[in-house]
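Secondary and tertiary structure notes
Here's the letter readout for the chains.
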Amino acid sequence: MCAMKKRKQSVSKEEVRIISSTTSTKASGEKSRLPMDIILEVLSRLPAKSIARCRVVSKDWGSTLCRPYFTDLFLKMSSLSPCLLFTFHAEGKWSFFSSPEAMLISDQKSSSVAVDILSHVPIDYPIRVCVPACGLLCTKDEWVLSRKKDARMMICNPSTGGFKLLPKVKTRRGRVMTYLGYDPIEEVYKVLCMTASERPYIQKAEQHQVLTLGTGKLNWRMIECPISHYPRPRDNEICINGVLYYSALESGSWRTSTSMIVCFDIRSEKLKFIVDEAFKDFKSPSTLINYKGKLGILSPHTSGFMDGIFIGFELWVIDDIEKPTWWRHTHIFPPLWDTLVAQARVNIVGTTGDSEIMFSPTVVSNPFYIFCYNMETRSIRRVEIKGFGPVTGQNIYTFLNHVENVKLIT
């Protein structure tokens, strides 16, 4: 009871006003309630942290705010205002920070944005993470965890700090690679994993398995893969309209392998492949993006991390996945790129709006800058990110288009 009182006291003044407004006393002394749909509509516009506090106000509030209707409503509203998400491991915890993407819009060549801390997940070893899917994250690579006793992959909600360990993948292979996808029609999250056999110059992914979240007991299911391939480990993935995309190489010698795009349909659990001779020009790490609803690929002119000496990148956009048809455009950085970026090692994060490409450093520094290049005006600007605290040198992951989600992980 004492703990409950302390948590109630943490409710902000804004939240108290909303809670109090659910009942009002008339002059006659009778009570009238606002319609519940209006109350939930108002609450859906609060930050996820506020929802967590409101859930402990009473049992009724806790029950109502955990129902699928409200979590879906909250997700719908937060999708209208996507965030920039930062995550890194430091001091025995996996920390998440965010800032509204709208805060990045500026005409100035240099500006600053303060981030808010979302949550911490206690974990005593560094990890890699998948690209977020509809507000959730999954750890990326069990090969990294294999050196730790009983280490397992996990699903995490950065907005709430909730997490769940996934079942151990049964395999004798040395590596397990994972991807997280979301199907908006069936409103379901699935994790795709594959084990890997890695011999010198020979790479091959095997034992493709799928796990569905939110189904009670979690189990891995084997699926068929028609083409032997190996995911490009330094490239990212992206989920668009229920299809998870990642880049890969045809299994065999990495010196002669054909490049391809793998398409995993979340609903049907079928794998398809886009193979084109032109894809051999992809440089690593390439970044898959959602370009105006189509699959886009941002590829640097030279393999390796980008810095001030890099001259530019190519944008590929696939117009039709089935045929496929695509177009590409080369972008050369103006001289200001070298001045602003200098020796900072950066990765391509994705697109903000329709024409701006974001680049983010690979490690935390003080000060910490992200860089935005406008493909239409060929202008570059630098934005200082403040609020990480006194940490430097940690590997950092930066993601665009993250949405707050108050769904409880079960």
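Thresholds, definitions, all that
- Residues numbered from 1 in each chain as written.
- Predicted model: local features only at pLDDT ≥ 70, side-chain atom pairs only at ≥ 80, totals over all residues.
- Heavy atoms only, no water.
- 1 Å grid on protein atoms, 1.4 Å probe; cavity = no way out; pocket = protein on both sides within 12 Å on 5 of 7 lines; lining within 4 Å.
- Points joined across faces, edges and corners; volume = space filled by probe spheres on them.
- Nonpolar A, V, L, I, M, F, W, Y, C, P; charged D, E, K, R; others polar.
- Helix = DSSP H or I, 4+ residues; strand = E, 2+ residues; numbered from the N terminus.
- Buried < 20%, exposed > 50% of the residue type's maximum accessible area, 1.4 Å probe, protein only.
- Phe/Tyr/Trp six-rings, centres within 6.5 Å; stacked < 30°, edge-to-face > 60°.
- Lys NZ or Arg CZ within 6 Å of the ring centre and 35° of its normal.
- Pairing = 2+ DSSP bridges.
- Axes fitted to C-alpha atoms, helices over the stretch in contact; angles between N-to-C directions.
- pLDDT = per-residue confidence, 0-100.
- Contact = heavy atoms within 4.5 Å.
- Arc of directions from axis to C-beta.
- Parallel < 35°, antiparallel > 145°, perpendicular 65-115°, else oblique.
- Left-handed = near helix turned anticlockwise from the far one by under 90°.

Observations concerning empty space enclosed by the protein
According to the stated counting rule, one finds 1 cavity of 30 Å³ or more in the structure shown. Of the pockets and cavities examined, the largest cavity occupies roughly 60 Å³. Together, 10 residues line the largest cavity, and Arg-128, Lys-140, Met-177, Tyr-179 and Pro-233 are the ones closest to its centre. Residue classes in the lining of the largest cavity are distributed as 4 nonpolar, 1 polar and 5 charged.

Regarding unusual backbone geometry
Of note, the amide linkage connecting Ser-284 to Pro-285 takes the cis form, showing an omega dihedral of 0°. You can see Pro-285 is positioned in the loop between β19 (271–275) and β20 (287–291). Backbone geometry places Glu-91, a non-glycine residue, at a positive phi of 55°. Residues other than glycine seldom take positive phi values, yet Asn-241 does so here, at roughly 50°. Relative to the helices and strands, Asn-241 resides in the loop between β15 (237–240) and β16 (243–250). Owing to a relative accessible area of 65%, Asn-241 belongs among the exposed residues under this scheme.

What to know about the packing of aromatic side chains
For the structure on display, the rule yields 22 aromatic pairs. A centroid spacing of 6.1 Å and a plane angle of 90° characterise the contact between Phe-86 and Phe-368, whose relative ring orientation is edge-to-face. Taken together, the residues span a long stretch of sequence, with Phe-86 in strand β3 (residues 83–90) and Phe-368 in strand β26 (residues 368–374) at a distance of 282 residues. Taking relative accessible area as the criterion, Phe-368 reaches 1% and is therefore assigned buried. Seen from their ring centres, Trp-94 and Phe-96 are 5.0 Å apart, and the 45° between their planes marks the pair as tilted. Classification of Trp-94 by relative accessible area gives buried; the value is 2%. Residue Phe-96 is classed as buried on the basis of its relative accessible area of 0%. Clustering of aromatic rings is evident, with ring pairs tying together Phe-86, Phe-88, Phe-97, Phe-368 and Phe-388. Above the plane of the ring of Tyr-369 lies Arg-382, whose end atom (NZ or CZ) is 4.1 Å from the centre.

Comments concerning the pairing of strand β21 (residues 294–300)
Buried residues dominate β21, accounting for 6 of its 7 residues. Sheet topology places β20 next to β21; 5 bridges connect them, and they run antiparallel. When the bridges of β21 are listed, Leu-288 appears paired with Ile-297. What sits between the antiparallel neighbours β20 and β21 is a turn of 2 residues, in which Lys-292 has the positive phi angle 55°. Alignment of β21 against strand β22 (residues 312–320), held across 6 bridges, turns out to be antiparallel. Counterpart to Ile-297 in the pairing with β22 is Trp-316.

Re the sheet that holds β21
An order of β20-β21-β22-β23 is seen for the 4 strands of this open sheet, with the pairing classed as antiparallel. Single-partner strands in this sheet number two, and they are β20 and β23 (325–332). When the angles between neighbouring strand axes are averaged without regard to direction, this sheet yields 25°. Pairing of β22 with β23 involves 8 bridges; the strand directions are antiparallel.

Comments concerning the confidence of the model for the protein
Low-confidence regions, as indicated by low pLDDT, have predicted coordinates that should not be scrutinised in detail. Chain-level pLDDT for the protein is 83 on average; 84% of the residues reach the 70-or-more range. Per-residue pLDDT stays below 50 along residues 1–30; that stretch engages in 33 contacts with residues further than four places along the chain or on separate chains.

Side note on the sheet that holds β3
Sheet architecture is open: 4 strands sit in the order β6-β4-β3-β28, paired in antiparallel fashion. The open sheet has two edge strands with one neighbour each: β6 (116–122) and β28 (396–402). Strand-to-strand twist of the sheet, defined as the mean angle between neighbouring strand axes without regard to direction, takes the value 20°. One ladder, built from 5 bridges, connects β3 with β28; its direction is antiparallel. Paired with Thr-87 across the two strands is Tyr-397, which belongs to β28.

Concerning helix α3 (residues 36–43)
Side chains that are three or four residues apart share a direction in an α-helix, a result of its 3.6 residues per turn. Those residues of α3 that sit buried are Ile-39, Leu-40 and Leu-43. Take α3 and look down its axis: the buried residues cluster within an arc of 95°, on one side only.

Quick look at the packing of α3 against helix α6 (residues 68–78)
Two numbers describe how α3 lies on α6: the axes approach to 9 Å, and their chain directions differ by 45°. Comparing the axis directions of α3 and α6 gives the class oblique. In the packing of α3 onto α6, the handedness of the crossing is right-handed. The residues of α6 that touch α3, namely those facing Leu-40, Glu-41 and Leu-43, are Tyr-69, Phe-70, Leu-73, Phe-74 and Met-77.

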